[in-house]
Amino acid sequence: MTLTLVKAWNAAKDRLKTVQIDQPAIDARLLLEVAADVTRTDIITDPYRVLTEAQMATLDDFLNRRARREPVSHIIGRKGFWKILLQVNKHVLTPRPETEVIVDEVLKAFPENMEFKMLDLGVGSGTILLAVLAERPAAKGLGVDVSEEALAVARENAANLDLAGRTALLRGDWTNGLGDDSFDLVVSNPPYIATHVIETLEPEVRDHEPRLALDGGPDGLDAYRFLAGEILRVLKPGAMFAVEIGYDQSQAVETLFKQAGAQNVRTIKDLSVNDRVVTGTK
């Protein structure tokens, strides 16, 4: 049987809908684009292009994996974030749109041609660090992660985005070994989900994302207890920090940073109006 792009898209969409996938039309299109090596525009302007046997087999495999709740980003190996495209795999958190709130705040605070040095703690695939460096050509950044596998992904992303020359990546435990007053900006999206909540998450997250990047300890706040004082230690006086938080953690995280001596501490909401980022200065 011959399958055209439009037929393949509709069939894929129906199949994902049947197994109650959240956004079947979007997921079907993303999987079809990669399986058939086409763009979104191709699907619209050349809907009767016929898939080869190999492309049909690949699409079928992708849909089977998605039906088992493997994330689309893992199946196709990439995910868009802010204005960049990142390679991702099971060793890193898939970038989420709400994390863009940090990027947005940073870009407001640092004019385009300003030179500054930033630190991203728990850099993962390079999400925040690379999104900022891509927009601020005079900036340089250091990304730290405890996972060698995550750093390999970040390295590849920095190279693909032509940012390797302004990006240093270091395997380490948070701020250990970093000097005082070293950075103009510190960002972090640490693990902030309480251990007991992880089992209740969607299978895409629970079964396919690295626990290390999710588990924030019994109350989800372990990382911030350590980071509040340490982030202030490595920041230059007057410099800014921004950390992502869980929707119900604003008060607790603000308190930790205030107790550590941070100034101008406030919480910023994401587009779905949940508390998402705590920011302040040293």
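Scroll up a little and you will see the structure.
Residues numbered from 1 in each chain as written. Predicted model: local features only at pLDDT ≥ 70, side-chain atom pairs only at ≥ 80, totals over all residues. Heavy atoms only, no water.

Asker: Tell me what's going on with helix H12 (residues 250-259), and back it up with residues and numbers.
Answerer: Listed in full, the buried residues belonging to H12 are Ser250, Val253, Glu254, Leu256 and Phe257. Buried residues along H12 cover an arc of 160° about the axis, so they all sit on one side. Among the exposed residues of H12, those oriented more than 90 degrees off its buried face are Gln251 and Gln259. On its buried face, H12 sits against helix H11 (222-234), strand E7 (235-244), strand E8 (263-269) and strand E9 (275-281). Taken from the residues just after H12, glycine 261 is the one with a positive phi, measuring 105°. (Buried < 20%, exposed > 50% of the residue type's maximum accessible area, 1.4 Å probe, protein only. Helix = DSSP H or I, 4+ residues; strand = E, 2+ residues; numbered from the N terminus. Arc of directions from axis to C-beta. Contact = heavy atoms within 4.5 Å.)

Asker: Just give me the short version of the side chain of arginine 136, but keep the residues and values in it.
Answerer: Examined against the element boundaries, arginine 136 turns out to sit in the loop between helix H7 (127-135) and strand E4 (140-145). The buried charged residue arginine 136 lacks any salt bridge partner; its closest oppositely charged side chain belongs to glutamate 135, at an N-O distance of 4.4 Å. Leave out the neighbours within four places in its chain, and arginine 136 touches Leu107, Phe110, Pro111, Glu112, Phe116 and Arg166. (Lys, Arg positive; Asp, Glu negative; His and termini not counted. Salt bridge = Lys/Arg side-chain N within 4 Å of Asp/Glu carboxyl O.)

Asker: Describe H7, with residues and values.
Answerer: Counting buried positions over the nine residues of H7 gives eight, a clear majority of the element. Buried within H7 are the following residues: Thr127, Ile128, Leu129, Leu130, Ala131, Val132, Leu133 and Glu135.

Asker: How would you summarise the pairing of strand E2 (residues 84-87) if you had to cite specific residues and measurements?
Answerer: Burial along E2 is one-sided: the residues Ile84 and Leu86 are buried and none of Leu85 and Gln87 is. Remark: two residues form the turn of the hairpin made by strand E1 (residues 78-81) and E2, two consecutive strands paired antiparallel; tryptophan 82 in that turn has positive phi of roughly 50°. (Pairing = 2+ DSSP bridges.)

Asker: So what's going on with the environment of methionine 114? Residues and values would help.
Answerer: Inspection of the secondary structure puts methionine 114 in the loop between helix H6 (100-109) and strand E3 (117-121). We classify methionine 114 as partly exposed; its relative accessible area is 35%. Sequence separation between methionine 114 and arginine 136 is 22 residues; the distance between their C-alpha atoms is 7.5 Å. Those residues in contact with methionine 114, other than ones at most four positions away along the chain, are Ala138 and Ala139.

Asker: Describe the packing of aromatic side chains, listing the residues and the values that go with them.
Answerer: Within this structure, the stated rule accounts for two aromatic pairs. Between the aromatic rings of phenylalanine 241 and phenylalanine 257, the centroid separation amounts to 4.3 Å while the plane-to-plane angle is 15°, which identifies the pairing as stacked. Remark: phenylalanine 257 occurs in helix H12 and phenylalanine 241 occurs in strand E7; sequence separation between them is 16 residues. Judged by its relative accessible area of 0%, phenylalanine 257 falls in the buried class. A cation over an aromatic ring shows up here: lysine 13 above the ring of tryptophan 9, its NZ or CZ 4.7 Å from the ring centre. Lying over the aromatic face of phenylalanine 183, lysine 117 brings its terminal NZ or CZ to 5.1 Å of the ring centre. (Phe/Tyr/Trp six-rings, centres within 6.5 Å; stacked < 30°, edge-to-face > 60°. Lys NZ or Arg CZ within 6 Å of the ring centre and 35° of its normal.)

Asker: Provide a residue-level description of the environment of isoleucine 75, including the pertinent values.
Answerer: Within the fold, isoleucine 75 resides in helix H5 (residues 72-76). The exposure class of isoleucine 75 is buried, given its relative accessible area of 8%. Ignoring sequence-local partners within four residues, the contact set of isoleucine 75 consists of Leu31, Phe62, Arg65, Arg66 and Glu70.

Asker: Can you tell me about the layout of surface pockets, naming the residues and giving the values?
Answerer: Gaps left between atoms show up when a probe the size of a water molecule is rolled over them. Of the pockets and cavities examined, the largest pocket occupies roughly 1,300 Å³. Arg96, Pro97, Glu98, Val205 and Glu209 are, among the 45 residues lining the largest pocket, the residues nearest its centre. When contributions to the lining of the largest pocket are tallied by element, the ones reaching two or more residues are helix H2 (24-35), H5, E1 and helix H10 (203-206). Per element, the largest residue contribution to the lining of the largest pocket is four residues, and it comes from E1. When its residues are assigned to classes, the lining of the largest pocket shows 21 nonpolar, eight polar and 16 charged. In this model, the second largest pocket occupies a volume close to 570 Å³. In this structure, the second largest pocket is lined by 34 residues; those nearest its centre are Gly122, Asp145, Asn189, Pro191 and Ala213. (1 Å grid on protein atoms, 1.4 Å probe; cavity = no way out; pocket = protein on both sides within 12 Å on 5 of 7 lines; lining within 4 Å. Points joined across faces, edges and corners; volume = space filled by probe spheres on them. Nonpolar A, V, L, I, M, F, W, Y, C, P; charged D, E, K, R; others polar.)

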